[in-house]
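Notes for the structure review
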Amino acid sequence: MRSGDLFCLLNGSWTDPFPLIDRGLSYGHGLFETMRLYGGSIPLCLHHIQRLSFGADRLAIKLDVPLLQSYLDTFLASCPRDGVIKVILTAGVGGRGYQTNASSEPSYVLLWFPVPTSLMEWSPQGVSLTLCEHRLPSTPRLAGIKHLNRLDQVLARMEWQNEYQEGLMLDQQGRVIEGTATNLFCLRKGRWLTPSLHDCGVAGVMRQYLLDSLLPGMGLSISEVVLNIDELSAMDELFVCNSVSGVWPVRTIAGVGSWPAGTGVQAIRSRLQQEFPCYG
C-alpha cells in the first residue's frame, strides 16, 4: 500500500503496518536492514541478507531467505527504482510474555522511502561530528547485529539538532565504537583502522564490504583495533560510512580534532563510485 511517500509490504501483502501484538513491537525481538535502491536493484543486497541471516540465527528467528527474496522481488517490481528499502524481520506473533514460541512464524515488513537529499550533499564535502555523551552498553551476544532496539542511538541523537551531521559513540570504557548510524575508519601512517565491535556496535554492511572487498582490492592495509578517543587526534584522515550514504569524509569532531578530506578517503570514494555509481 502506498501512503504519501511510503510503500509497505507485510508478509507479501500491500498493507498499512503493523500487527500490534507482534514481538518486534512488544519486545524489539527482531532485526532490520536499511538498503540503498538504485536503478531498480540493491547494490549490496547479498551482504544485507547475510547479516540478516546471522542476526536471525542469534535471535532464534526462522528466516526463510527464498521467501524473503520473493517478497523483495514483488516489492521492487512495484516501488520506485531509486530510494531506500527497509526490511524488518520480527519473531512474529506468539509466546507468553518474554517466552518465545517455537511454532511462531516471523513477520516480514518491506518499506520504501525516498533518499534524503542531504545525504548526497554531505558525501563530497565531508561531515562534522559531535562526541555523544550517551555510551553504548557492553552486550557481546548482540554485538554486530542490527536488532530492533535502537534506544541507545535514539538517546544519543537527542543530543544535537542540525549543527552536526553525525554523532560518535563510545562504550562504557571510553573506547570508540561507531557513529549513531555509521561506522568509523581512520588512516594512520598508511594503515586503515576501524574500531573492534566485539562487545557492542553494529557491523555495518558497508563496513564489511570495505573490510572484505574494496580496501583489499585497492591494496590497502586494514585492521580492526581497540581505539581510544585520545588516539583520534593523531590520525591522518577519517571517514564514516553506511550502506545508504556510502563514504563521508570527517572534517571535524567537536572537542577532538579536525582532518582534511585527504587523498586516501577520496581514493576510496572514487573506487566505491566506480563499482556502485549511487555512492557518487
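Just above, that's the structure.
For clarity, every value in this text was computed on a predicted model and none was experimentally measured.

**Structural notes on the overall build of the protein**
From N to C terminus, the protein includes 7 helices and 14 strands. Expected size for 280 residues packed as a compact globule is a radius of gyration near 19 Å; at 19 Å, the protein falls within 12% of this value. For the C-alpha atoms alone, the extent of the protein along its principal axes is close to 55 × 40 × 35 Å. Within the span of the protein, comprising 280 residues, buried residues form 49% of the whole. For the protein, contacts bridging at least 24 residues in sequence account for 71% of all contacts bridging at least 6. For the protein, the accessible surface area stands at approximately 12700 Å², while carbon and sulfur atoms represent 52% of it. Each charge class in the protein was averaged separately, 22 positive and 25 negative side chains, and the resulting centres sit 2 Å apart.

**Description of unusual backbone geometry**
Positive phi is not limited to glycine here, since Ala-60 has a value of about 55 degrees. Considering the arrangement of structural elements, one finds Ala-60 in the loop between helix H2 (45-58) and helix H3 (65-76). Within the chain, Lys-189 stands out as a residue other than glycine whose phi angle is a positive 50 degrees. Here Lys-189 is to be found in the loop between strand S9 (183-188) and strand S10 (191-195). Look at Lys-189 and you get exposed, because its relative accessible area is 79%.

**Thoughts on the packing of helix H6 (residues 205-217) against helix H7 (residues 263-275)**
For the pair H6 and H7, interaxial distance at closest approach is 11 Å and the crossing angle is 100 degrees. The orientation of H6 with respect to H7, classified from their angle, is roughly perpendicular. Residues Met-206, Tyr-209, Leu-210, Leu-214, Leu-215 and Gly-217 of H6 pack against Ile-268, Arg-271, Leu-272 and Glu-275 of H7. Split into classes, the residues belonging to the contact of H6 with H7 amount to 7 nonpolar, 1 polar and 2 charged.

**Looking at the sheet that holds strand S1 (residues 7-10)**
Across the sheet, which stays open at both edges, the 5 strands sit in the order S2-S1-S5-S4-S3 with antiparallel pairing between neighbours. Each end of this open sheet is capped by a strand with a single partner; those strands are strand S2 (13-14) and strand S3 (30-37). Against the sheet, H3 touches S1, S2, S3, strand S4 (83-90) and strand S5 (107-113), its axis set at about 30 degrees to S5.

**Regarding H3**
Along an α-helix, a turn takes 3.6 residues, which lines up residues three or four apart on a common side. Taking 1.5 Å per residue as the helical rise, H3 with its 12 residues ought to reach 16 Å, and the 16 Å between its terminal C-alpha atoms agrees with that figure. A distance of 3.1 Å separates the backbone nitrogen of Leu-67 from a side-chain oxygen at the start of H3, and that oxygen is part of Asp-64.

**Some details on the environment of Glu-33**
Along the chain, the position of Glu-33 falls in strand S3. Counting along the chain gives 77 residues from Glu-33 to Leu-110, while the straight-line C-alpha distance between them is 9.7 Å. Not counting residues up to four positions away in its chain, the partners in contact with Glu-33 are His-48, Arg-51, Leu-52, Ile-85, Lys-86, Val-87 and Val-205. Separated by 2.7 Å, the side chains of Glu-33 and His-48 make a polar contact.

**Digging into the pattern of salt bridges**
Enumeration according to the criterion identifies 6 salt bridges in this entry. A salt bridge links Arg-51 to Glu-33; the shortest N-O distance between them is 2.7 Å. Here Arg-51, found in helix H2, pairs with Glu-33, found in strand S3; they are 18 residues apart in sequence, far enough to count as distant. Glu-33 carries the same exposure label as Arg-51, and that label is buried. For Asp-171, the salt bridge goes to Arg-175, with nearest N and O atoms at 2.7 Å. Within this structure, Asp-171, Arg-175 and Asp-199 form a network of salt bridges that share partners.

**Some details on the packing of aromatic side chains**
Enumeration over the complete set of coordinates arrives at 6 aromatic pairs. Ring centres of Phe-276 and Tyr-279 lie 6.3 Å apart, and the angle between their planes is 85 degrees; this geometry places the pair in the edge-to-face category. Neither residue differs from the other here; Phe-276 and Tyr-279 are each classed as buried. By the ring-pair criterion, three or more aromatic residues cluster together here, those being Phe-185, Trp-192 and Phe-239. Above the face of the Phe-32 ring, Lys-86 is positioned so that its terminal group lies 4.7 Å from the ring centre.

**Quick look at the pairing of strand S13 (residues 246-253)**
Most of S13 is tucked away: 6 of the 8 residues are buried. Judged from the 3 bridges that link them, strand S6 (residues 127-131) and S13 form a sheet pairing that is parallel. Paired with Val-127 across the strands is Val-250, a residue of S13. Linking strand S12 (residues 237-242) to S13, which pair antiparallel, is a turn of 3 residues. Judged from the 2 bridges that link them, S13 and strand S14 (residues 257-258) form a sheet pairing that is antiparallel. Across the sheet, the residue bridging to Thr-252 is Ser-258, located in S14. In textbook terms, the turn of a hairpin is the stretch between consecutive antiparallel strands, and for S13 and S14 this stretch comprises 3 residues, one of which, Gly-255, has a positive phi near 80 degrees.

The rules behind these values
- Sequence order as written defines residue numbering, which begins from 1 separately in each chain.
- Side-chain atom pairs in this predicted model are given and counted only at pLDDT of 80 or more, local residue features only at pLDDT of at least 70, and totals for whole chains, interfaces and linings cover all residues.
- With hydrogens and water excluded, all non-hydrogen atoms of the structure serve as input to the side-chain values.
- Secondary structure elements follow DSSP: runs of H or I of four or more residues count as helices, runs of E of two or more count as strands, with numbering from the N terminus.
- Radius of gyration: over C-alpha atoms. The globule rule applied is 2.2 Å multiplied by the number of residues raised to the 0.38 power.
- Three exposure classes are used, based on accessible area relative to the maximum for each residue type with a 1.4 Å probe and protein chains only: buried under 20%, partly exposed in between, and exposed over 50%.
- A contact between two residues is defined here by any heavy atoms of the two lying within 4.5 Å.
- Here the open area of atoms and residues is found with the Shrake-Rupley method and a 1.4 Å probe, where only the protein chains shown may cover a residue.
- We count Lys and Arg on the positive side and Asp and Glu on the negative side, and we leave His and both chain ends out.
- The atoms used to mark charge sites are NZ of Lys, CZ of Arg, CG of Asp and CD of Glu.
- Helix axes are fitted to C-alpha atoms over the stretch in contact, other axes to C-alpha atoms as well, and angles between N-to-C directions run from 0 to 180 degrees.
- Roughly parallel here means an angle under 35 degrees, roughly antiparallel means over 145, roughly perpendicular means 65 to 115, and every remaining angle is called oblique.
- When residues are sorted by character, Ala, Val, Leu, Ile, Met, Phe, Trp, Tyr, Cys and Pro go into the nonpolar class, Asp, Glu, Lys and Arg into the charged class, and all the rest, Gly among them, into the polar class.
- By definition, two strands form a pair when at least two bridges between them are found by DSSP.
- Multiplying one less than the number of residues by 1.5 Å gives the expected span of a helix.
- Pairing of N or O atoms within 3.5 Å defines a polar contact, subject to two protein rules: one partner must be a possible hydrogen donor and the other a possible acceptor, and residues neighboring in sequence count only if both atoms are side-chain atoms.
- Salt bridge, as used here: a side-chain nitrogen of Lys or Arg that lies within 4 Å of a carboxyl oxygen of Asp or Glu.
- Here a Phe, Tyr or Trp ring, Trp counted by its six-membered ring, pairs with any other such ring whose centre lies within 6.5 Å, and the pair is stacked when the planes are under 30 degrees apart, edge-to-face when over 60, and tilted otherwise.
- Two conditions define a charge sitting above a ring: the NZ of Lys or the CZ of Arg must be within 6 Å of the ring centre, and it must be within 35 degrees of the ring normal.

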